[in-house]
Amino acid sequence: MTGNYFSQDERFLALRLCKNLIMLSSNTLTHEDVRNVYEIIRNGIANDYFRRDKYGINPTIRALNTSILLAENIHADRDMIIAVMVYMLCHNEAISTDEIKAKFGDDTLKLVSGLIKISSLYKSRAAVENEDFHKLLLTFAQDIRVILIMIVDRLGIMRMINHHPNEKFVRDISTEAKYLYAPLAHRLGLYKIKSELEDLSLKYIDRETFTQIAHKLNETKAKREEYINNFIAPLKEALDKTHLNYEIKGRTKSISSIWNKMKKQHADVDDIYDLFAIRIIIDTPVKKEKADCWLAYSIVTDMYTANTARLKDWISNPKSNGYESLHITVYGPQSKWVEVQIRTKRMDEVAERGLAAHWKYKGIKSEGSIDNWMNNIRDILETSNTPTELMRDVKMDIYNDEVFAFTPKGDLFRLPAGATLLDFAFAIHSNVGCTCIGGKVNGRNKKITYKIKSGDTIEILTSSSQVPNANWLNIVVTGKARNKIRQSLNEQTSKNVGFGKELLQRRFKNRKIEIDESILTKTIKKLGFKTATDFYVALADRLDVNDVISTYLEIAEPSDQQNTPESAGNFTLQQPELEESADSRDVLIIGDNIRGINYRLSKCCNPIIGDKIMGFTSSDGAIKIHRSDCKNLQHLIQKYPYRCINAAWSGKIGQQFAVTLRIVGQDDIGIVTNITSLINKEKDTSLRSISIDSNDGIFRGYLVIGINDTKSLNELMKKIKTIKGVKDVQRSN
């Protein structure tokens, strides 16, 4: 290994680390393994593939440190050490996966692939403080040994960066160690590594606090050691009188633990509750573990007053990660609290070196599969001298019912397996979900139906015109998304119902028709709607209100003649005195000179003098007069032909007729003024009401006018058409 890759100090350090690693792994690595790894690294350095990172960290030194820590702390197997040494070269494509498989086998390739896959997650640094990131890390790793490598590697690099010039880099690394790797180490039972990670994190993030506590501990080191010896001496004397094969260790708690207690108790170092920790480790068979631990407990509590409120019995009920120990806090000499931990040699081995006996988070439903995974790991730890070799067969599928995805800013979201891009949008925010039109997944456009994969980075695309529809309920799987979609649909329905009701009431009012709720209910059913809500929604969307009014009047007319119809022979029939000759049939003559005839002008078509008309006999003896072209009349003729009577005008009727005009024109307030002014100037013509709707520069107005006959009406319509801006004028039913 030549060139500028190694400084002189690094060269000597690398040689020393290599010798140390070979010695520690002599039982796991063969001479061929060592030679192959050496050749791969040497070629990588020579071809500039194995280069320093942007922070100046030498990857060879880092890999050697990590491998040694693995060998020292967790009895790493052959494949773990080789994977650590060659992973970076494979990531930089200096060596192919096929070459790794050929030289070292499938298991090494599996670990290298897991390390490469996990490294891809670090593009989203902001997510590491999220507890779900732990789960994503585990999901991506696919092998528990990959997680162990990541934790130990972080400890190695934390040891390397003391006084590194890039303060942001040091702080980022320390933050990850604090929020990600220390908790992972704790859950996996690597308590010694966990404590060191926390201490180093405090040192780099708050060096002043760390230094103050460290100096304080150094100043009182002799006194503390003397205190611990005085505390232990009578215990040893008492324990020696029993059959127990034991050893006692005394220590002051870690700096990070002391700092946490100082903050919690608002106290100085000298006043910290249970600052000291004494550990009694008993070498005894598994069958006698509980009995011997409780025997030691009785000796301690006979000698020192115990705080029973702080008894922690993790022997009878081990922690979820497999940790077993008996903790008691006692009142020692000089009125100081001392924590005593009692455990067996097996329990201590698990606590100090133990790989995770369990991985458990809050809120997970599939407890059965997790417990099986825990029991499998625990059996390996308790029965094997080489646990990591057996770990390769442990399935990492405890979170296969969840997926984890990032936003472009690095925020991490956990969703159930099968969740879609639309679920992700609603997970971000309800408004984002309701306006979602698609998204970009890892830079590629995807539809809202795309099913999320763990590790995806998703950017949601929205549109202000987008609204949820009922089909979305078939796309989403999360309860939040379903509830928000249903809520939005209900709001849309309520809004459409209100709009439909307003539209119907306005049109009925324009036509001077009073709404009868019973007839309207029949109308809704006849139009094929099951509920009034469905009817009003359709009216707001696609249903023509004029068709509704026509159907309503069809139902309303026969409702007046439910009894047996009376004969029309009782009415006086005269031959009309009209310019046009009548046909040979009887004709009902109506006008102001006609007496004895009970008739009404129908509101559905509003006939006026000059219209061709026909009468329809109702049960109350009245004749309803319709225009001959009235749609309702055509229906009545087909259904009740015997009730229809020819009719004609005899002259003036003594009153003005109400006629509705539909006008379409440009949306301009001046045009309305011109129309109303024109009508007011017309002789024997009056404006009774006006309603206008405008949209996109076009107005549609309905004018109800009082007029004498069709001749006057036609002349008025011609004049209105000449007004600038008017596009169309029609007589409306």
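Quick caveat: nothing in here was measured; it's all calculated off a predicted structure.

**Q** Would you take a moment to explain the overall build of the chain for this structure?
**A** Helix and strand content of the chain: 26 helices and 19 strands. The burial tally for the chain puts 48% of its 733 residues in the buried class. Considering only contacts within the chain whose residues lie at least 6 apart along the sequence, 68% involve residues at least 24 apart. By element, 47% of the accessible surface of the chain is carried by carbon and sulfur atoms, the whole surface being about 37,400 Å².

**Q** For this particular structure, what's the right way to read the sheet that holds strand E2 (residues 276–282)?
**A** Hydrogen bonds between backbone atoms are what pair the strands of a sheet, whose relative direction is either parallel or antiparallel. Pairing in this open sheet of five strands is mixed, and the strands run E1-E2-E5-E4-E3 from one edge to the other. On the outer flanks of this sheet lie strand E1 (246–252) and strand E3 (305–313), each paired with one strand and no other. Sheet twist, expressed as the average angle between the axes of neighbouring strands with direction ignored, equals 20°. Contacts from helix H12 (residues 221–240) reach E1, E2, strand E4 (326–332) and strand E5 (336–344) within the one sheet, and its direction differs from that of E1 by about 160°.

**Q** Explain the environment of Gln634 to me, please; I cannot follow it from the model alone.
**A** Within the secondary structure, Gln634 sits in helix H24 (residues 631–639). A relative accessible area of 36% means that Gln634 is categorised as partly exposed. In this view, Gln634 contacts Ser628 and Asp629; residues no more than four positions away in its chain are not counted. Within the structure, the side chain of Gln634 is placed 2.7 Å from the backbone oxygen of Ser628, a separation counted as a polar contact.

**Q** I tried to follow the environment of Thr305 on my own but got confused; where do I start?
**A** Relative to the assigned elements, Thr305 resides in strand E3. The exposed category is assigned to Thr305, whose relative accessible area is 56%. With 26 residues separating them along the chain, Thr305 and Tyr331 place their C-alpha atoms 5.3 Å apart. Apart from the residues within four sequence positions on either side, Thr305 is in contact with Thr329, Val330 and Tyr331.

**Q** Teacher, can you tell me more about the packing of aromatic side chains here?
**A** For any pair of aromatic rings, the description consists of the separation of the ring centres together with the inter-plane angle of the planes. Applying the stated rule across the entire model yields ten aromatic pairs. Ring plane angle 70° and centroid distance 5.7 Å describe the contact between Phe529 and Phe535, whose orientation is recorded as edge-to-face. Side by side, Phe529 and Phe535 carry an identical accessibility label, which is buried. What links up through ring pairs into an aromatic cluster is the set Phe529, Phe535 and Tyr536.

**Q** Help me out: how do you make sense of the packing of helix H8 (residues 144–160) against helix H10 (residues 191–205) in this one?
**A** Where H8 contacts H10, the axes come no closer than 10 Å and their chain directions differ by 40°. The angle between H8 and H10 places the two elements in the oblique class. Of the two possible hands of crossing, H8 and H10 adopt the one that is left-handed. Taken together, the residues of H10 that come into contact with H8 (itself represented by Ile151, Val152, Arg154, Leu155, Met158 and Arg159) are Ile193, Glu196, Leu197, Leu200, Ser201 and Tyr204. Grouping the amino acids of the contact of H8 with H10 by side-chain chemistry returns eight nonpolar, one polar and three charged.

**Q** Any chance you could explain the pattern of salt bridges here in plain terms?
**A** This model, assessed by the stated rule, comprises 22 salt bridges. Where Glu176 meets Arg154, a salt bridge forms, and the shortest distance between an N and an O atom there is 2.6 Å. Here Arg154 lies in helix H8 and Glu176 lies in helix H9 (residues 167–187), a separation of 22 residues in the sequence. Assessed through its relative accessible area of 2%, Glu176 is described here as buried. For Arg159, the salt bridge identified is with Glu196, shortest N-O distance 2.8 Å. Residue Arg159 is found in helix H8, and its partner Glu196 is found in helix H10; the two are separated by 37 residues along the sequence. When its relative accessible area of 25% is taken as the criterion, Glu196 is described as partly exposed. Each of the salt bridges in this network shares a partner with another, and the network as a whole consists of Asp33, Arg78 and Asp79.

**Q** Can you walk me through empty space enclosed by the protein in this structure?
**A** Where empty space is left becomes clear once a probe the size of a water molecule has been rolled over the atoms. Applying the stated criterion across every chain yields a total of one cavity of 30 Å³ or more. In this structure, the largest cavity encloses a volume near 70 Å³. Looking at the largest cavity, the residues that line it are Arg507, Asn510, Arg511, Asn546, Ile549, Tyr702 and Ser732. Contributions of two or more residues to the lining of the largest cavity are made by helix H20 (479–510) and helix H23 (545–556).

Conventions adopted
- Residues numbered from 1 in each chain as written.
- Predicted model: local features only at pLDDT ≥ 70, side-chain atom pairs only at ≥ 80, totals over all residues.
- Heavy atoms only, no water.
- Helix = DSSP H or I, 4+ residues; strand = E, 2+ residues; numbered from the N terminus.
- Buried < 20%, exposed > 50% of the residue type's maximum accessible area, 1.4 Å probe, protein only.
- Contact = heavy atoms within 4.5 Å.
- Areas by Shrake-Rupley, 256 points an atom, 1.4 Å probe, with all protein chains shown as cover.
- Pairing = 2+ DSSP bridges.
- Axes fitted to C-alpha atoms, helices over the stretch in contact; angles between N-to-C directions.
- Polar contact = N/O pair within 3.5 Å; in protein donor to acceptor, adjacent residues only side chain to side chain.
- Phe/Tyr/Trp six-rings, centres within 6.5 Å; stacked < 30°, edge-to-face > 60°.
- Parallel < 35°, antiparallel > 145°, perpendicular 65-115°, else oblique.
- Left-handed = near helix turned anticlockwise from the far one by under 90°.
- Nonpolar A, V, L, I, M, F, W, Y, C, P; charged D, E, K, R; others polar.
- Salt bridge = Lys/Arg side-chain N within 4 Å of Asp/Glu carboxyl O.
- 1 Å grid on protein atoms, 1.4 Å probe; cavity = no way out; pocket = protein on both sides within 12 Å on 5 of 7 lines; lining within 4 Å.
- Points joined across faces, edges and corners; volume = space filled by probe spheres on them.

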